[in-house]
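Fold and geometry: a report
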Amino acid sequence: VNEGPRVFVERIDISGNVRTLDKVIRREFQLVEGDGFNSSKMRRSRKRLQNLNFFEKVSVDQVLGSAPDKNVIKVKVEEKSTGSITFGAGYSSTNGPLVDVGLREDNFLGRGQLVKTNVSIAAEKSAVDLSFREPYFLGRQIVAGADIFRVRTDRQNTSSVDTDKIGTRFSFSYPILEDLTQQW
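Scope of this entry: the structure provided in the associated data block. These numbers were taken from a predicted model, which means no experiment stands behind them.

Parameters at a glance
- Residues numbered from 1 in each chain as written.
- Predicted model: local features only at pLDDT ≥ 70, side-chain atom pairs only at ≥ 80, totals over all residues.
- Heavy atoms only, no water.
- Salt bridge = Lys/Arg side-chain N within 4 Å of Asp/Glu carboxyl O.
- Helix = DSSP H or I, 4+ residues; strand = E, 2+ residues; numbered from the N terminus.
- Buried < 20%, exposed > 50% of the residue type's maximum accessible area, 1.4 Å probe, protein only.
- Pairing = 2+ DSSP bridges.
- Axes fitted to C-alpha atoms, helices over the stretch in contact; angles between N-to-C directions.
- Contact = heavy atoms within 4.5 Å.
- 1 Å grid on protein atoms, 1.4 Å probe; cavity = no way out; pocket = protein on both sides within 12 Å on 5 of 7 lines; lining within 4 Å.
- Points joined across faces, edges and corners; volume = space filled by probe spheres on them.
- Nonpolar A, V, L, I, M, F, W, Y, C, P; charged D, E, K, R; others polar.

Some remarks on the pattern of salt bridges
- All chains considered together, the criterion is met by 12 salt bridges.
- Put simply, Arg48 and Glu28 hold a salt bridge, and the shortest N to O gap is 3.2 Å. One end of the pair, Arg48, is in helix 2 (residues 39–51); the other, Glu28, is in the loop between helix 1 (22–26) and helix 2, and 20 residues separate them in sequence.
- Look at Arg48 and you get buried, because its relative accessible area is 8%.
- Its salt-bridge partner being Arg152, residue Asp164 comes within 3.8 Å of it at the nearest N-O pair. Taken together, the residues Asp164 in strand 9 (residues 162–173) and Arg152 in strand 8 (residues 143–154) connect sequence positions 12 residues apart.
- Taking the relative accessible area as the measure of exposure, Asp164 reaches 41% and is therefore partly exposed.
- The class for Arg152 is partly exposed, based on a relative accessible area of 45%.
- Among the charged side chains, a network of salt bridges with common partners joins Glu10, Arg11, Asp13 and Lys74.

Comments concerning the sheet that holds strand 8
- Strand order in the open sheet formed by six strands is 4-5-6-7-8-9, with antiparallel pairing between adjacent strands. With partners counted over all chains shown, the strands left at the sheet margins are strand 4 (83–92) and strand 9, one partner each. Direction aside, neighbouring strands of the sheet carry axes that sit 10 degrees apart on average.
- Strand direction decides the pairing type here: strand 8 and strand 9, joined by 12 bridges, are antiparallel. Along strand 9, the bridge assignment pairs Ala146 with Phe170.

Quick word on the environment of Leu130
- In this structure, Leu130 sits in strand 7 (residues 125–134).
- Sequence-wise, Leu130 and Arg11 are 119 residues apart; in three dimensions their C-alpha atoms are separated by 39 Å.
- Beyond its immediate stretch of four places on either side in the chain, Leu130 contacts Lys116, Thr117, Ala146, Asp147 and Ile148.

Some details on the layout of surface pockets
- Taken as a whole, the largest pocket holds about 270 Å³ of empty space.
- As for the largest pocket, its lining consists of 17 residues, and the residues nearest its centre are Glu28, Leu52, Pro135, Tyr136 and Val143.
- For the lining of the largest pocket, the elements supplying multiple residues, two or more each, are strand 6 (113–122) and strand 7.
- Of the residues that constitute the lining of the largest pocket, the class distribution is eight nonpolar, three polar and six charged.

Rendered as structure tokens:
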């Protein structure tokens, strides 16, 4: 097999990100400066950036670097809105009239973190839930999450039992599927 000369990644230039921090984009890259260039890893990196769902457009191209055996990877992104507000109203046969309001930001402060809150208020039940997710806990590809919630029910009219639950949930996860497919 006749292989061409080995080419290395001289640097990765990122442009177009106004809000999203460079480190959020770099951590999705399968290549770093000094690595041997690998087009498969470059395609996977582009796909990982698209999967963040922070960008309207993502382009990843290679250009000649300062020497024939060096390439520069040019990453250009076009950011999109990553926040949402939801509002709902209805009627429940169990809890009566209800209103539900939610706020969600998938790229909090440009750090790639998820922050959301949801408030539900009904005649006989109310709930508040605050959530936070860090996709790269301790600099590793470990998703760490924390939720704080409170649920109050007022059943004085039907069963004379009131409840008030306050709690927290913590979660950790590690994506094994992508790592397994990369090794095959």
